[in-house]
There are 2 protein chains.
Amino acid sequence: MSGAALIGVDWGSSSLRVFRIGVDGSILETRRSADGVFTGGGPFEDRLRAVLGDWHEAPILLCGMVGSDRGWRLAPYVAAPAGVRDIARAMIRAPFDRPAWIVPGVSFSDGETREVMRGEETLIAGYLARSTIGRATLCLPGTHSKWADVVAGRIVGFRTYMTGELRAALLERGALASGIEQRPSPEEFARGARAAVSGVTHALFQARARRLLGTLAPEHTAAFVDGTLIGEEVARETASDVVLVARGAMAESYAAALHGRAVTQVDPEPLAAIGLLELARQAGILPAV
Amino acid sequence: MSGAALIGVDWGSSSLRVFRIGVDGSILETRRSADGVFTGGGPFEDRLRAVLGDWHEAPILLCGMVGSDRGWRLAPYVAAPAGVRDIARAMIRAPFDRPAWIVPGVSFSDGETREVMRGEETLIAGYLARSTIGRATLCLPGTHSKWADVVAGRIVGFRTYMTGELRAALLERGALASGIEQRPSPEEFARGARAAVSGVTHALFQARARRLLGTLAPEHTAAFVDGTLIGEEVARETASDVVLVARGAMAESYAAALHGRAVTQVDPEPLAAIGLLELARQAGILPAV
């Protein structure tokens, strides 16, 4: 196996992913565990050492909640507008017996609005390293979906939507929960998106009322809820060209909600490795190409 | 103790309240228990007999989730527009060894929108029995807040907002949860209401971002969330005159969000008894006055 230029660590709230990154940004090998920042236990250095095992060949770069105030060591937010170089310069050294750094998150203020991201900045850095487009709006769906505007290689602003968290909270318990396995329904997704026009707190109850009246199949509840929440998110974002950083069913749902706009889909899986490599180069940890 | 004209039973999802109702609609005596439709167990007739004890003097009228498909016996929804007489005529007999009836809920369709209520129709019947206003918009806050338009003694339409359920789901777990006792904050409530203008899925994350950035005190999270959810609800409802059927902190929050409109506050506590008495009379179970 050829040597890695960098060991990447994507350490989120509930999962840990480490990968050997080649000099071209390719992922040579990946290890995954459920030892997330909040779900795992014990000293972070021991947990990292355990997952790295015999991977000793390269410096280590970590991103995600590991740099939060509940993580290993706080890497304070960099205020947007911020380019990859600004983020790279704000990386902090991890208290480890090998060269290791933690990528900071990014914050943004707009009037009374306050935004934070931690992890997505690395995916965006990966996108920027490979893109030749000067201006784009990126949609990164998830527990807290991010919509980021990038201009000339910098994150100039972003917005967060609690779409994923609301979805989980609503479907796990309460009036919209059901013990039934959920199935896709483009019709109910579209209906949910239409209902969102009257506001999500109103639209969501439609799922309850229609189930009680027998006009919504219990197994289509999630489809309707997704339509409502994603529909609301997409309606608030007005970009006519969207770079959708998602895969699988998530990508399909967002693409459906974005129907009529120009959507470029990008697979998020390779982006973290490319972003970490770029950040390491900008920070001078690795030589520039 | 003077005799009751009617025994009222307000049997909701998580609580049971029975009261002896005087001929003038006053509550002579109340018993409460946590034996709700979903939280209690055993045959409904045994549970009702246990709570009634020696109250044998009058017919029984039940309202709330006891008439749902998961309750004692289904009392199908009456379609709005519906007056108190329409609801009274649709009451069903409960399978009990004493005269007992169950009040149905009310449903409403408007285009693709579907609405249901069960329990609130009795409070509205109580309001209508005492009001001389020909046209009003009633706000009944709760787990599923209702806004009902009444015209000439009939419920002509209504809307539901999942305000209370979303509040509980968001504050109990996830990014907005905190182990800290919550305290009122009119400033944060107002800030939440302003944030709601950009949509609740966006506005709610502000509480998270501002806590991480140190500009929102953890004990004011609920105030901001309430401002967002109630602000969204109130912004969707355009009535300039509102009858607010609420008491205590709930009434204060809604009154704050409705600032600038004409608000008449009505205590919900006596309304169920008055409504049940009126329904019993309209159904001919009790003589009309």
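Small disclaimer: the values here were computed from a predicted structure and weren't measured. (Residues numbered from 1 in each chain as written. Chains lettered and ligands numbered in written order. Predicted model: local features only at pLDDT ≥ 70, side-chain atom pairs only at ≥ 80, totals over all residues.)

S.K.: In this structure, what is going on with the overall build of chain A? I would like to understand it.
M.R.: A count of helices and strands for chain A gives nine helices and 15 strands. Radius of gyration (C-alpha) of chain A: 20 Å, near the 19 Å computed for a compact globule of 289 residues. Based on the C-alpha atoms only, the size of chain A along its principal axes is roughly 65 × 40 × 40 Å. For chain A, buried positions account for 50% of its 289 residues. (Helix = DSSP H or I, 4+ residues; strand = E, 2+ residues; numbered from the N terminus. Rg over C-alpha atoms; globule rule 2.2 N^0.38 Å. Buried ≥ 20, exposed ≤ 12 C-beta atoms within 10 Å, placed from the backbone.)

S.K.: What am I meant to see in the relation of the copies chain A and chain B here?
M.R.: Two copies of the chain are present, and they differ by a rotation about an axis and a shift along that axis. Overlay of chain A on chain B (RMSD 0.0 Å): rotation 180°, translation along the axis 0.0 Å. Seen this way, the second copy is the image of the first under a two-fold rotation axis. Closest approach to the rotation axis within chain A is made by the C-alpha atom of Ala169 of chain A, at a distance of 3.0 Å. Counting the interface residues of chain A, we find that 100% of their copies in chain B are interface residues as well, pointing to one common contact surface. (Least-squares fit on C-alpha atoms with pLDDT ≥ 70 in both. Contact = placed C-beta atoms within 7 Å.)

S.K.: Hey, could you run me through the domain arrangement of chain A in this one?
M.R.: For interface size, the figure often reported is the accessible area lost on association. Segmentation of chain A into domains returns domain 1 (6–131 + 270–282) and domain 2 (163–266). Taken over C-alpha atoms, the centre of domain 1 of chain A sits 31 Å from the centre of domain 2 of chain A. (Domains from an automatic or database assignment.)

S.K.: Hey, could you run me through the sheet that holds strand β1 (residues 6–11) of chain B in this one?
M.R.: Sheet strands pair by backbone hydrogen bonding; their relative direction is either parallel or antiparallel. Residue and element names in this part refer to chain B. The strand order across the open sheet formed by six strands is β3-β2-β1-β4-β8-β7, and the pairing between neighbours is mixed. Of all strands in the sheet, those bounded by a partner on one side alone are β3 (27–33) and β7 (92–93). As paired strands, β7 and strand β8 (residues 100–102) are joined by two bridges and run antiparallel to one another. Residue pairing for β8: Ile92 is matched across the bridge by Ile102. Contacting β1, β2 (16–21) and β3, helix α1 (residues 44–52) crosses the sheet at an angle of about 50° to β2. (Pairing = 2+ DSSP bridges. Axes fitted to C-alpha atoms, helices over the stretch in contact; angles between N-to-C directions.)

S.K.: Could you clarify how one ought to interpret the interface of chain A and chain B in this entry?
M.R.: Counting residues at the interface gives 38 residues for chain A and 38 residues for chain B. For the side of chain A that touches chain B, the secondary-structure elements that each account for two or more residues are β10 (113–117), β13 (154–161), α4 (163–172), α5 (186–195), α6 (200–212) and α7 (221–236) of chain A. Sort the elements by how many residues they give to the side of chain A that touches chain B and α6 of chain A lands first, with nine residues. Split into classes, the residues belonging to the side of chain A that touches chain B amount to 15 nonpolar, 12 polar and 11 charged. (Nonpolar A, V, L, I, M, F, W, Y, C, P; charged D, E, K, R; others polar.)

S.K.: Would you mind showing me how to read the sheet that holds strand β15 (residues 262–266) of chain A here?
M.R.: Residues and elements named next belong to chain A. Strand order in this open sheet of six strands is β6-β13-β12-β11-β14-β15, and the pairing throughout is mixed. Unpaired on one side and paired on the other, β6 (82–83) and β15 mark the two borders of the sheet. Pairing analysis gives six bridges linking strand β11 (residues 135–140) to strand β12 (residues 145–151), with the strands arranged antiparallel. Pairing of Leu140 across the sheet is with Lys146, part of β12.

S.K.: Please clarify how unusual backbone geometry should be interpreted in this entry.
M.R.: Trans is the common state for peptide bonds, and a negative phi is the common state for residues other than glycine. All names here are of chain A. Following Ala80, the chain continues to Pro81 via a peptide bond in cis, the omega torsion being 5°. As for its placement among the helices and strands, Pro81 is situated in the loop between β5 (78–79) and β6. Its identity as a non-glycine residue notwithstanding, Ala152 has a phi of 50°, on the positive side. Along the polypeptide, Ala152 turns up in the loop between β12 and β13.

S.K.: What is the right way to read the confidence of the model for chain A from this model?
M.R.: As a general rule, the predicted coordinates of low-pLDDT regions are not to be interpreted in detail. Summary statistics for chain A give a mean pLDDT of 95 and a share of 100% for residues scoring 70 or more. For this predicted complex, the interface confidence score (ipTM) comes to 0.93, while the overall pTM stands at 0.94. (pLDDT = per-residue confidence, 0-100.)

S.K.: Could you clarify how one ought to interpret the pairing of strand β14 (residues 241–245) of chain B in this entry?
M.R.: A regular strand carries its side chains on alternate faces of the sheet. Residues and elements named next belong to chain B. The element β14 is extensively covered by neighbouring structure, given that four of its five residues are classed as buried. Where strand β11 (residues 135–140) and β14 come together, two bridges link them in parallel fashion. Residue pairing for β14: Leu138 is matched across the bridge by Val243.

S.K.: Any chance you could explain helix α4 (residues 163–172) of chain B here in plain terms?
M.R.: Note on helix geometry: an α-helix contains 3.6 residues per turn, so any two residues three or four positions apart are oriented the same way. Every buried residue of α4 of chain B is accounted for by Thr163, Glu165, Leu166, Ala169 and Leu170 of chain B. End-on, the buried residues of α4 of chain B take up no more than an arc of 165°, which puts them together on one face. Buried residues along α4 of chain B sit in contact with α4 and α6 of chain A together with β12 (145–151), β13 (154–161), α6 (200–212) and α7 (221–236) of chain B. Looking one or two places after α4 of chain B, you find Gly174 of chain B, whose phi comes out positive at around 95°. (Arc of directions from axis to C-beta.)

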